[in-house]
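These are the residues of each chain, in order.
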Amino acid sequence: MFVLAFMLGAVLIGAQPAFLRGAAPNSASANAEQPAQQPPQQPTLKPVSATPADIPFSSANTNDDLQTIQQLLELANQDRAQFYAPPLTLDSGLSQAARIHAQAMFDARQLSHQFTGEPSVPERLAAATKLQLDLEGENVALDYDAPGAEQHLMQSPPHRANLLNPAYNVVGLGIVRSGDRLYLVQDFGHALPNYSPAEVKDQIATAVAQLRRQSGQPALARRDLAIADAAACSMAQADKLGTAPVHQLAHRYTVLTFTSLHPEALPNQANQAIAKPNQSSFSIGECYAKTQTYPTGVYWLVLSLD
C-alpha cells in the first residue's frame, strides 16, 4: 500500500522522500506551523458525524463512498483527539470543493493542488462554502482505503501538520475511485463566526471604548454617518482602501480605513488616533465582500473620528 502526494506553491514542512511531497496550507494570515489564533466566539457548525446531506450528491457517489468519507472523518478526529486538537466538523460546501478537485485529479491521473485553469485552494473553498474562513489547507493522496490513507498521511510531516492543526475546525472530504484505489482530497479550514453588520460595528465600538479607557481618555459618543457604509463598500468595490468617498469623509473627520476578519481587534496603527484627547465622537462604516485581494472575504471598515 502506498500514498502519493504532490504540492504546488505552498510551505513544505520537514524533509520528505522523493516520491512524497507536502500538503498545501494556504492563508494570508497563518500556515500549518503557525495556527491562527482562535476567536473568542465559535461558529455554529453541523454535528461531527457525516450524513448524506454533508456529502455532495453525485451519480459517482456510492454507499461505499459515503462509508469511506465517514471513516476518514472518524479516523482524522481520533488522531486529533490523541493530540488534544478539537474535532473537525464536516461541511457540505467544502466537501463539494474536495469532490470536484478529486475528480480533476482522477481526470488528469495525477495529484496536484492546482491544475491549469483551476482556482487556487482558498478561491475554490471560498466559492464552495457559506462559511467565512481565515485559514485553509489541503491534503491530496492516492491510496487503497481510508485506514491506509490516514496512516500514510500521518507519516508525512506536512500532511500530518494539516491533520493535527488545532486551528482547523471544519473539513471537506472528497473521493473518486479508480479501480481499487482512491483519489482523496481533504480540504481544511478555520471557520469564523458569521457576524451581522450590526455585530461587526458593536465589536469595533467595544474595542474603541476599551482603548479609550486604557489611554485614560473619556468615552467617545457613537454616531451613525449616513455615508459611512457606502464609503466602506466603495473600498470593497475598488478592492483598495483609498477611494473618493473615503477622501470626502477625510475632509471633515479623521478617517481610519482597514480590512479585518476579527472586528474585536483594532489594528495597531489606529491606537494613536483613537487615544487623542481632542476626540469627541466616532462612527463606523462596514461592508463585507469577497474581492480579488481577499477571495475568501473580509470586512472593509471605515472608522471616522471627530
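Residues numbered from 1 in each chain as written. Predicted model: local features only at pLDDT ≥ 70, side-chain atom pairs only at ≥ 80, totals over all residues. Heavy atoms only, no water.

Engineer: Go over the state of the cysteines with me, naming the residues and quoting the values.
Structural biologist: Under the defined criterion, the tally for this structure stands at one disulfide. One disulfide bridge connects C233 with C287, the sulfur atoms lying 2.2 Å from each other. Taking the sign of the torsion about the S-S bond as the criterion, the disulfide between C233 and C287, at about 95°, is right-handed. With a gap of 54 residues between them, C233 in helix α7 (residues 228-238) and C287 in strand β8 (residues 281-289) connect regions that are remote in the sequence. Residue classification places C233 among the partly exposed residues on the basis of a relative accessible area of 24%. (Disulfide = S-S within 2.5 Å. Helix = DSSP H or I, 4+ residues; strand = E, 2+ residues; numbered from the N terminus. Buried < 20%, exposed > 50% of the residue type's maximum accessible area, 1.4 Å probe, protein only.)

Engineer: Go over the packing of aromatic side chains with me, naming the residues and quoting the values.
Structural biologist: Tallied over the entire structure, the rule returns four aromatic pairs. When the ring of F106 is compared with that of Y183, the centres are 6.1 Å apart and the planes differ by 80°; the resulting orientation is edge-to-face. Pair noted here: F106 is in helix α2 (residues 92-108) and Y183 is in strand β5 (residues 181-192), with a separation of 77 residues, a long-range link. Judged by relative accessible area, F106 falls into the buried class, the value being 18%. (Phe/Tyr/Trp six-rings, centres within 6.5 Å; stacked < 30°, edge-to-face > 60°.)

Engineer: Pulling in residues and values, what's your account of the packing of helix α4 (residues 146-155) against helix α5 (residues 157-164)?
Structural biologist: Across the interface, α4 lies against α5 with an axial gap of 5 Å and an inter-helix angle of 110°. The angle between the axes of α4 and α5 places the two elements in the roughly perpendicular class. Mapping the contact onto sequence places E150, L153, M154 and Q155 in α4 and P157, H159, R160, L163 and L164 in α5. In terms of residue class, the contact of α4 with α5 is built from five nonpolar, two polar and two charged. (Axes fitted to C-alpha atoms, helices over the stretch in contact; angles between N-to-C directions. Parallel < 35°, antiparallel > 145°, perpendicular 65-115°, else oblique. Contact = heavy atoms within 4.5 Å. Nonpolar A, V, L, I, M, F, W, Y, C, P; charged D, E, K, R; others polar.)

Engineer: Go over the sheet that holds strand β6 (residues 221-222) with me, naming the residues and quoting the values.
Structural biologist: Strand pairing in a sheet relies on backbone hydrogen bonds, with the paired strands running either antiparallel or parallel. Taken in spatial order, the four strands of this open sheet run β6-β8-β9-β7, and their pairing is mixed. Single-partner strands in this sheet number two, and they are β6 and β7 (254-260). The pairing of β8 with strand β9 (residues 298-305) spans eight bridges and is classified as antiparallel. Among the inter-strand pairings, C287 is bridged to a residue of β9, identified as W300. (Pairing = 2+ DSSP bridges.)

Treat this as a map of the structure, not an account of what it does.
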